[in-house]
Each structure stands twice: as C-alpha cells, then as structure tokens.
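# Working through the structure, step by step
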Amino acid sequence: MGGSLKAAHARSIEDREGFWAEQAQLIDWHEPFEKVLDYSRPPFARWFVGGQTNLCHNAVDRHLDSLGDEPALIYVSTETDQERVYTFRELHAEVVRMAAIMQSLGVGRGDRVLIYMPMVAEAIFAMLACARIGAIHSVVFGGFASGSLASRIEDASPSLIVSADAGSRAGKVIAYKPLLDEAIRLSSHKPANVLMVDRDLAPMTMVEGRDHDYSTLRERHLDAKVPVTWLESNEVSYTLYTSGTTGRPKGVQRDVGGYAVALAASMKHIYCGNAGETYFSSSDIGWVVGHSYIVYGPLIAGMATIVYEGTPVRPDAGILWQLVEKYRVTVMFSAPTAIRVLKKQDPSHLTRYDTSSLRALFLAGEPLDEPTARWISEGLGRPIIDNYWQTETGWPILTVAHGIEQTPTRLGSPGMPMYGYDVRLLHEQTGREVGANEKGVIAIVPPLPPGCMQTVWGDDDRFVSTYFESIPGRQVYSTFDWGIRDDDGYYFILGRTDDVINVAGHRLGTREIEESISSHPAVAEVAVVGVADQLKGQVAVGFAVLKDPGSIEQADARLALEGEIMRTVDRQLGAVARPARVHFVTLLPKTRSGKVLRRSIQALCEGRDPGDLTTIEDPGALDQVRQALA
Ligand code: AMP
C-alpha cells in the first residue's frame with residue numbers, strides 16, 4: 001500500500017470500492033465479484049456481491065502447491081503432553097475427512113454445526129470442514145457450562161454438535177460430555193447427531209443413534225475426497241455468540257468473502273506475517289481472536305499457526321517463549337491478563353529463550369495498562385502493539401499498521417483508526433462530534449468495512465436497534481466503549497458505556513450473571529457489577545437481596561450460601577462467569593423509577609465517589625453496600 005497510515009485511511013473512506021477491490025486481490029476467487037459494495041439497505045452492507053470463494057480453500061487448498069510440506073498447524077498441549085505438527089497437506093487430509101464425516105451425518109450447505117471443544121486439533125479440522133462444505137459453524141467456548149451452551153444450541157439450532165470427552169486446565173480435567181448432555185436436555189432444539197472426539201480423559205456415556213465416535217468414523221473416510229463448495233461472498237460462514245446489555249447472547253454473524261479479504265489484508269498491513277513463518281496466538285477458538293487469528297488469518301496468509309492447550313505458567317512461566325524459540329515464531333498475539341500473570345513470576349523466564357525471531361507481540365481484548373506494557377516491552381526487547389476491536393468487527397478498529405507505515409506506538413493507546421473504519425467520537429446524548437481531548441462514545445459511520453458482522457443471527461431488527469440506534473439523531477454503529485483522542489490522533493479507551501464487563505479478556509454481560517444468581521431459590525433480587533482487579537482487569541461482584549434475610553444471620557450460613565450461589569453460576573454459565581464475591585443486602589440502591597444504580601455500586605466497590613445521587617429512592621441502600629464492603 002505504501003504512504004502514510006492517515007493517507008491510506010483517508011483513501012479507504014473516500015474511495016471505499018477502489019480500496020477494497022485492491023485488497024480483494026489478496027485472496028482466491030472462484031468467480032469474480034460483480035460489485036464491491038452493495039449498500040442499498042443501510043446499515044446492512046454486502047461486500048463483493050456475486051463473487052464466489054471459500055474460506056477453507058483460501059486457508060488450506062490454495063497453499064498445497066507452494067507450501068504442501070510446510071507446517072500449517074502446530075498442536076501443543078502442555079495439559080496432555082502432546083505435540084504434533086501437521087503440514088498443509090496433512091491438514092488438508094484431516095479437514096477433508098472431517099468434511100466427509102459431516103456429510104455422512106447429513107450436514108450440508110447452510111446447516112449449523114455447533115463446536116463445543118477444548119483446544120485440540122480436531123476443533124480446527126471441524127471449523128475448516130464446515131467452511132469447506134458451506135455449513136455454518138458456531139464455536140462455543142469450552143469454559144462455558146450447560147446454561148450458556150443450551151441458550152446457544154437453542155438459538156443456532158444445529159443439526160450436528162462436535163465435542164470431546166473433556167478439556168483440561170492447569171492439570172484439572174473438565175468433563176464436557178455431561179455438560180453437553182445437560183445442555184441438550186435444557187434446549188428445546190435437539191441436534192440430530194453428536195460427534196465425540198475421545199481424548200481418553202473422562203468416561204463418556206454415548207446416546208444410541210445420536211452420538212458417534214470420531215475416530216471410528218474417521219477410519220471410514222481416510223481416503224475421502226470432498227471438493228470445496230463455492231459460496232457467494234455474502235453467505236454465512238459462522239456465528240459467534242457474545243454478551244451485551246440483555247441477558248440473551250447475540251449471534252454475531254459473519255460472511256465469507258468480506259471476512260477472508262479483511263483477514264488477508266490485516267495479516268499483511270497490521271500483523272505483517274509472511275507465508276512460511278509461524279504465528280502464535282495464545283487465545284482460544286471460543287473467542288473471536290481464535291477465529292480470526294488462530295485459525296483463518298494466519299492460514300490464509302500461508303503461515304503455520306500454533307494451537308496451544310495450556311496456561312502461560314505450566315510447566316513454568318517460560319513456556320510461551322520456549323514455543324517462540326522452538327518454532328521461530330515471528331508474530332505473536334496474547335492478552336494483557338496473560339502478561340500480568342507472567343509479571344508475577346521470575347522475570348528471567350523472559351530472557352532464557354531466544355526470542356529474536358519475534359517481530360512484534362500484539363495484545364488485545366482488554367485495556368493494556370502502562371506498567372504491563374512497559375514490563376513486557378523492556379523484558380522482550382520487542383515492539384508491543386495494542387489493538388482494539390470487538391467480536392462484532394472481527395479485526396482491529398484501532399491499532400498501528402506497520403505494514404503501511406512505521407507509526408510509533410504510544411503507551412496506553414491502542415493507536416489510530418484502521419483503514420475501512422470511519423471512526424468518530426460522539427457525545428452520548430446529543431450525538432455531536434467531540435473534539436480532541438474530550439470524552440465521547442467510539443462510533444463508526446456505516447457501512448462497516450468487510451469482515452465485520454453482517455447482522456445478529458436470525459434477528460435483523462436486533463442488529464439495527466442494538467448497534468445503530470443508541471446515539472440520538474444519527475444512524476451510526478456504537479462500540480459501547482468510551483474513548484478520547486489526543487491532538488495527534490491517538491485514541492485511548494476509557495471503559496464500556498453499557499453493562500458489559502471484561503474479566504481476564506473474557507467479555508461477560510452482568511445481566512447474564514444476574515439471571516444465573518437469581519435462579520438460586522434463596523435469592524429475591526441481585527445486582528452484579530464489574531470491579532477493577534489488578535490481575536484480571538475486572539471481576540464480577542454481586543449484591544443479593546434474599547427472600548429470607550433471617551436465614552443468614554450466622555456468619556457460616558452466609559459463607560455457605562455465598563459458596564452455593566457461586567456454584568450455581570459455575571454450573572449454569574461456567575467458572576469464567578463466577579463472581580469474586582456475593583454480598584448480601586436487604587435493599588439495592590435504585591432510582592425512584594426502579595433502575596438499579598450499578599455505576600454507584602461499582603464506584604463504591606472501587607473506593608470512588610458514588611456520583612450523582614439525586615434520583616436515588618433510598619440512600620440507606622448505599623450504606624448497606626458500604627457496610628457489606630467493609
Ligand atoms: P470482545 O468482543 O470479547 O472482543 O470484547 C470487546 C471489548 O473488549 C471492547 O468493546 C472493549 O471494551 C474491550 N477491548 C478490546 N480490546 C481492547 C483494547 N485493546 N483496549 C481496551 N479495551 C479493549
């Protein structure tokens with residue numbers, strides 16, 4: 001691209017079609033597109049209309065001639081002590097086998113396949129197999145439990161679920177099959193088939209006629225040939241559920257062609273990865289980073305990708321760097337929480353390995369605090385690049401693009417708007433654009449660029465009303481993040497405008513946690529807020545009103561109930577959503593119109609001033625919060 005980032009950005013907005021037509025050359029098209037952008041029905045954008053392509057072809061097949069015997073997928077599990085390198089040819093063979101299995105189970109174009117799996121190679125085979133045959137995958141994070149899983153099964157109505165007997169975290173086996181069986185029981189939609197990968201970690205009870213053993217079926221399809229199904233650019237590639245203000249998760253829906261182009265462009269301009277090199281993202285396929293930058297992005301770029309099951313500190317805090325050395329990783333992607341965990345360990349782990357292959361470490365998913373950024377950048381002696389984006393966008397909104405220009409990074413800032421995103425900072429109430437150094441809501445003037453969500457799965461109205469109607473007077477996409485821009489155009493993120501919290505880079509809706517806590521028979525009402533935490537960024541803290549407050553007069557009864565409530569959340573949503581504390585009060589602070597004053601509760605939890613309280617119904621409620629915290 002050349003030139004400056006600001007010039008590239010300006011061109012991408014002024015000449016959208018010309019800009020993206022050029023980027024579209026980075027992928028293979030079976031049939032060329034007729035129109036770069038169809039924006040006849042705002043805010044719905046359709047990219048590369050009429051073009052036919054396929055994500056699996058671009059990620060795997062097209063590299064077979066040039067990179068067939070080069071590594072494509074490097075599987076490392078420090079949980080089960082396994083390590084296996086699949087070349088592009090081997091990956092292709094496994095994906096084709098998986099695709100054949102899916103077809104034998106009746107899965108076809110447009111059908112949904114839900115993938116509930118730990119970080120195993122078979123999970124990636126399943127994603128790519130879906131992409132190959134035009135099935136729509138929906139990966140559910142393995143750390144979620146039955147309740148979260150059930151609501152996703154209900155919404156996605158998959159004909160097939162692919163899962164495994166168990167995952168393992170920090171040496172502890174977590175059986176998935178009982179959680180899956182319970183989720184299917186809870187859901188009114190029942191999948192016709194369930195494909196189970198048996199890792200020999202936990203016993204499984206198979207349901208006759210519904211459940212199938214992967215390795216048995218794989219044997220039957222060893223020599224299968226499954227050609228790529230060419231898809232129109234705007235067909236659906238996958239849905240990925242994410243949390244928002246309501247308790248009901250939204251299925252973020254993505255296309256095929258726009259996503260492939262956006263990822264290919266980002267690999268070139270932002271991540272600067274080249275074919276034949278190795279990419280390492282320590283995220284999980286259950287999150288958007290896993291989709292974009294463990295699976296599709298690196299493979300589309302012809303890079304080998306490391307799929308890692310394990311924590312950053314086992315067997316010791318050098319494991320990530322050991323992998324960088326061993327596989328000559330050039331581009332690495334992680335989350336600030338992982339680095340904060342490492343910061344508490346012996347710093348010599350950072351220098352014990354030869355990490356000179358690494359060009360940059362990208363961090364995203366939550367705010368990167370300055371001390372952590374400085375610690376890792378000095379320790380590694382490599383550039384640290386923060387990047388800000390969301391499940392909805394699929395690739396970075398704000399960062400620097402060293403493939404375009406060596407823009408310096410600035411501590412505490414993820415950077416500047418990326419090409420394709422017409423980013424504005426708007427006043428929350430008036431919608432007016434705010435100036436430099438003034439706080440506003442980060443918004444994007446549509447059309448959203450390629451790669452971003454097309455809609456909410458099955459609910460176009462919700463897409464429009466959730467994202468495009470929150471700022472008065474104009475149809476703009478709200479990120480629901482506060483931000484500020486300095487005089488040089490660098491942005492800084494100042495937290496969410498809604499009830500979404502971010503625990504160790506995991507996005508959670510406080511409403512979902514509240515609904516789970518409220519399902520406990522002793523609880524009448526509850527408010528959950530996100531509270532700043534040194535390690536995890538934020539943790540959830542609950543304030544519950546009991547039906548019978550007298551039942552917890554004794555301290556041990558209180559403790560026992562708190563434990564029970566936490567286990568309820570564990571069971572329904574998964575340990576990721578478990579609140580750090582549940583306090584008991586007899587009254588929640590509310591406005592006279594009955595709205596819970598979450599911001600005030602949060603402020604008290606963080607030792608700040610509770611703010612404007614003129615609308616509070618009963619000030620005594622805040623005293624209760626104070627007492628509970630004391
Ligand atoms: P998710 O959809 O799970 O990726 O979460 C997206 C949200 O995480 C954003 O809306 C932000 O609130 C937060 N976030 C993501 N990346 C960053 C970053 N680099 N700096 C600050 N916050 C971030």
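Please refer to the structure higher up on the page.
About the thresholds
- Residues numbered from 1 in each chain as written.
- Predicted model: local features only at pLDDT ≥ 70, side-chain atom pairs only at ≥ 80, totals over all residues.
- Heavy atoms only, no water.
- Helix = DSSP H or I, 4+ residues; strand = E, 2+ residues; numbered from the N terminus.
- Buried < 20%, exposed > 50% of the residue type's maximum accessible area, 1.4 Å probe, protein only.
- Contact = heavy atoms within 4.5 Å.
- Areas by Shrake-Rupley, 256 points an atom, 1.4 Å probe, with all protein chains shown as cover.
- Lys, Arg positive; Asp, Glu negative; His and termini not counted.
- Charge placed at Lys NZ, Arg CZ, Asp CG, Glu CD.
- Near = heavy atom within 4 Å.
- Polar contact = N/O pair within 3.5 Å; in protein donor to acceptor, adjacent residues only side chain to side chain.
- Nonpolar A, V, L, I, M, F, W, Y, C, P; charged D, E, K, R; others polar.
- Core = buried A, V, L, I, M, F, W, Y, C linked by side-chain atoms within 4.5 Å.
- Pairing = 2+ DSSP bridges.
- Axes fitted to C-alpha atoms, helices over the stretch in contact; angles between N-to-C directions.
- Parallel < 35°, antiparallel > 145°, perpendicular 65-115°, else oblique.
- Expected span 1.5 Å × (residues − 1).
- Salt bridge = Lys/Arg side-chain N within 4 Å of Asp/Glu carboxyl O.

### Digging into the overall build of the chain
The secondary structure content of the chain amounts to 19 helices and 32 strands. Along the three orthogonal principal directions, the C-alpha set of the chain runs to about 70 × 60 × 55 Å. Residues classed as buried in the chain amount to 60% of the 630 residues present. Sequence separation of 24 or more characterises 70% of the internal contacts of the chain that already satisfy a separation of 6 or more. When the accessible surface of the chain is totalled, it reaches about 23400 Å², and 49% of it is carbon and sulfur. Here the chain contributes 62 positive and 79 negative side-chain charges, whose respective centroids are spaced 2 Å apart.

### Comments concerning the site of the ligand
Asp 386, Thr 391, Asp 481, Arg 496 and Arg 507 are the nearest of the 14 residues found near the ligand. Within the contact set of the ligand, an oxygen atom lies 3.0 Å away from a side-chain nitrogen or oxygen of Gln 390. Contacts to the ligand include Thr 391, whose side-chain N or O atom sits 2.5 Å from an oxygen atom. If the ligand stood free it would expose 490 Å²; the protein chains cover 93% of that surface. Among the residues making up the shell around the ligand, the classes are represented as four nonpolar, five polar and five charged.

### With respect to the nonpolar core
Core analysis: the biggest nonpolar cluster contains 124 residues, and Trp 20, Met 102, Leu 128, Tyr 271, Tyr 293, Tyr 296 and Trp 395 have the highest contact counts within it. Of the residues forming this core, the biggest block, eleven residues, is contributed by helix α6 (residues 121–133). The residues touching Tyr 296, leaving out its near neighbours within four places in the chain, are Leu 55, Met 127, Leu 128, Ala 131, His 137, Tyr 259, Leu 263 and His 291. Ranked by size, the runner-up nonpolar core spans 36 residues in total, among them Tyr 176, Ile 184, Leu 546 and Phe 584.

### Remarks on the pairing of strand β15 (residues 250–254)
When you tally the buried positions in β15, you get five out of five residues, the bulk of the element. What you see with β15 is no split at all: Lys 250, Val 252 and Arg 254 on one side and Gly 251 and Gln 253 on the other are buried throughout. Strand direction decides the pairing type here: strand β14 (residues 238–242) and β15, joined by five bridges, are antiparallel. Paired with Thr 242 across the two strands is Lys 250, which belongs to β15.

### Let's talk about the packing of helix α10 (residues 257–269) against helix α11 (residues 288–300)
For the pair α10 and α11, interaxial distance at closest approach is 9 Å and the crossing angle is 80°. Between α10 and α11, the angle is such that the two are roughly perpendicular. Along the contact surface, α10 presents Tyr 259, Ala 260, Leu 263, Ala 264, Ser 266 and Met 267, while α11 presents His 291, Ser 292, Tyr 293, Tyr 296, Gly 297, Pro 298 and Ile 300. When grouped by side-chain class, the residues that make up the contact of α10 with α11 number nine nonpolar, four polar and no charged.

### Remarks on the sheet that holds strand β31 (residues 537–546)
Across the sheet, three strands lie side by side as β30-β31-β32; this open sheet has mixed pairing. Only two strands of the sheet have a single neighbouring strand rather than two, namely β30 (523–533) and β32 (581–585). The mean inter-strand angle of the sheet, taken between neighbouring strand axes irrespective of direction, is 25°. Pairing geometry for β31 and β32, over five bridges, is parallel. From the neighbouring strand, Ala 544 faces β32, where its bridge partner is Phe 584. Against the sheet, helix α17 (residues 555–572) makes contact with β30, β31 and β32, and its axis sits at roughly 125° relative to β32, the strand it touches most.

### Some points on α6
An ideal rise of 1.5 Å per residue puts 18 Å on 13 residues; α6 measures up with 19 Å between its terminal C-alpha atoms. Taken across its 13 residues, α6 has 13 buried, putting it largely inside the fold. Just downstream of α6 lies Gly 134, where phi reads positive at about 80°.

### Here we look at the sheet that holds strand β24 (residues 440–445)
On the basis of which strands lie adjacent, the open sheet formed by four strands has the order β23-β24-β26-β27 and antiparallel pairing. Edge positions in the sheet fall to β23 (422–426) and β27 (491–496), since each of these pairs with one other strand and no more. Neighbour to neighbour, the strand axes of the sheet diverge by 45° on average, direction disregarded. Note that strand β26 (residues 477–485) and β27 share four bridges and pair antiparallel. When the bridges of β27 are listed, Gly 483 appears paired with Ile 493.

### Focus: the pattern of salt bridges
Under the criterion given, the structure shown has 41 salt bridges. Put simply, Glu 370 and Arg 374 hold a salt bridge, and the shortest N to O gap is 3.8 Å. Here Arg 374 and Glu 370 lie together in helix α14 (residues 370–380), a separation of four residues that amounts to about one turn. Judged by relative accessible area, Glu 370 falls into the partly exposed class, the value being 37%. Residue Arg 374 is classed as partly exposed on the basis of its relative accessible area, which comes to 38%.

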